[in-house]
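# Residue-level structure breakdown
Given next are the chains, with one letter for each unit.
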Amino acid sequence: MADAKVIPFDEERPRRRPMGRRVRSVPAPEPVPVPAAEPGLPAGAEPAAGPVPAGPAVRPDWDRRIAGGLAFLRRRLTGEYEVDDFGYDKELTDQVLMSLLRPLYEKYFRVEVKGMENVPAEGGALLVANHSGTLPLDGLMMQVAVHDHHPAQRHLRLLAADLVFMLPVVNELARKAGHTLACAEDAQRLLEAGELVGVMPEGFKGIGKPFGDRYKLQRFGRGGFVSTALRAGTPIVPCSIVGAEEIYPMVGNAKTLARLLGVPYFPVTPTFPWLGPLGMVPLPTKWTIQFGEPIPTDGYPPEAAEDPMLMFNLTDQVREQIQHTLYKLLVQRRSVFF
């Protein structure tokens, strides 16, 4: 309320004072100080007794998440997001695809990661790993391991076989997740651009081998990955994965059915195809992923990429390091599932 205007006494209308009464001026009472109101309370209101509930403190975080989710949907609907030349969608991978794979990585397979300090913090590098498990889940778990456990949260660009890009839905998801065709040209472009590239030289020979040959590395092809690393001058980081061999124990291969379906193999496991779709659920094995010491390639001359003897020696060195680490991890493992 605005302060009342004070009118001097001599300007008031003169009136006669009653006889026989003395008028004394009584001083106005001093104003009582009102304590400052707490945030969120009206002025002069007393705060309620007891602890302040935690709800309002948590609300801003949920508000940010909801706002971020709505902004993500808006960008998806309007097409305002970036995709590189290979079809890689970084935002979709971070916010959707990794979130879908993370429960499988953390809760189901309970992956333990070792040697992450051997993965470079910046610049290109070629990560070479063993391949197993009937279905290529090991590559996806390695991708989550690099993204979640590397201090720089780097992204691993996997080289996949032609069959991956022939499947309708898998093709699109693989492109969005940063996978590309397993060819030397694409791999070299990614390495020279400073990306981490993952390759599993065993290919279908690794994931389609029988259960009796588990953790026995198959042939590493002709060493094309070594030639690519030499041309790009990037280090080679060996990677050993234990636990993937037992998720689908492959006890047989229906080769005739595989030829009819146009696939490299048709696995027969203790649960598939006997239990139908339920037999496709992987066993909850305990995984360990270990990254070994990098093998540098920048000290070789440019013509080294065409030297078959050098490629053979480096390929054998990478293969032996992965195999030795596999045996060491198997000795340390106390149980397949725990």
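Going by what an unreviewed UniProt entry lists, the protein is known as Glycerol acyltransferase and is assigned to Streptomyces bambusae.

## Brief notes about the packing of helix H2 (residues 90-108) against helix H3 (residues 137-149)
At a minimum axis separation of 10 Å, H2 and H3 run at an interaxial angle of 105°. In terms of axis orientation, H2 runs roughly perpendicular to H3. Only Leu140, Met141, Gln143, Val144, Ala145, His147, Asp148 and His149 of H3 make contact with H2, whose side of the interface consists of Asp94, Met98, Leu101, Arg102, Leu104, Tyr105 and Glu106. Each residue belonging to the contact of H2 with H3 can be placed in one class, and the counts come to 8 nonpolar, 3 polar and 4 charged.

## What about the side chain of His131?
Its place among the elements puts His131 in the loop between strand S2 (125-129) and H3. A relative accessible area of 10% means that His131 is categorised as buried. There is a polar contact of 2.9 Å between the side chain of His131 and the side chain of Asp138. Each residue touching His131, except ones within four places of it in the same chain, is listed here: Pro136, Asp138, Met200, Glu202, Gly203, Gly206, Ile207 and Lys209.

## Focus: the pattern of salt bridges
Taken as a whole and assessed by the stated rule, the structure comprises 10 salt bridges. A salt bridge links Asp94 to Lys90, with the nearest nitrogen and oxygen atoms 3.0 Å apart. With a gap of 4 residues between them, Asp94 and Lys90 both fall in helix H2, about one helical turn apart. Residue Lys90 is classed as partly exposed on the basis of its relative accessible area, which comes to 44%. Close ionic contact of Glu246 with Arg333 constitutes a salt bridge, the shortest N to O distance being 3.2 Å. Taken together, the residues Glu246 in the loop between strand S6 (236-242) and strand S7 (252-253) and Arg333 in the segment after helix H9 (308-332) connect sequence positions 87 residues apart. Given the relative accessible area of 22%, Arg333 is considered partly exposed.

Rules used in this analysis
- Residues numbered from 1 in each chain as written.
- Predicted model: local features only at pLDDT ≥ 70, side-chain atom pairs only at ≥ 80, totals over all residues.
- Heavy atoms only, no water.
- Axes fitted to C-alpha atoms, helices over the stretch in contact; angles between N-to-C directions.
- Helix = DSSP H or I, 4+ residues; strand = E, 2+ residues; numbered from the N terminus.
- Parallel < 35°, antiparallel > 145°, perpendicular 65-115°, else oblique.
- Contact = heavy atoms within 4.5 Å.
- Nonpolar A, V, L, I, M, F, W, Y, C, P; charged D, E, K, R; others polar.
- Buried < 20%, exposed > 50% of the residue type's maximum accessible area, 1.4 Å probe, protein only.
- Polar contact = N/O pair within 3.5 Å; in protein donor to acceptor, adjacent residues only side chain to side chain.
- Salt bridge = Lys/Arg side-chain N within 4 Å of Asp/Glu carboxyl O.

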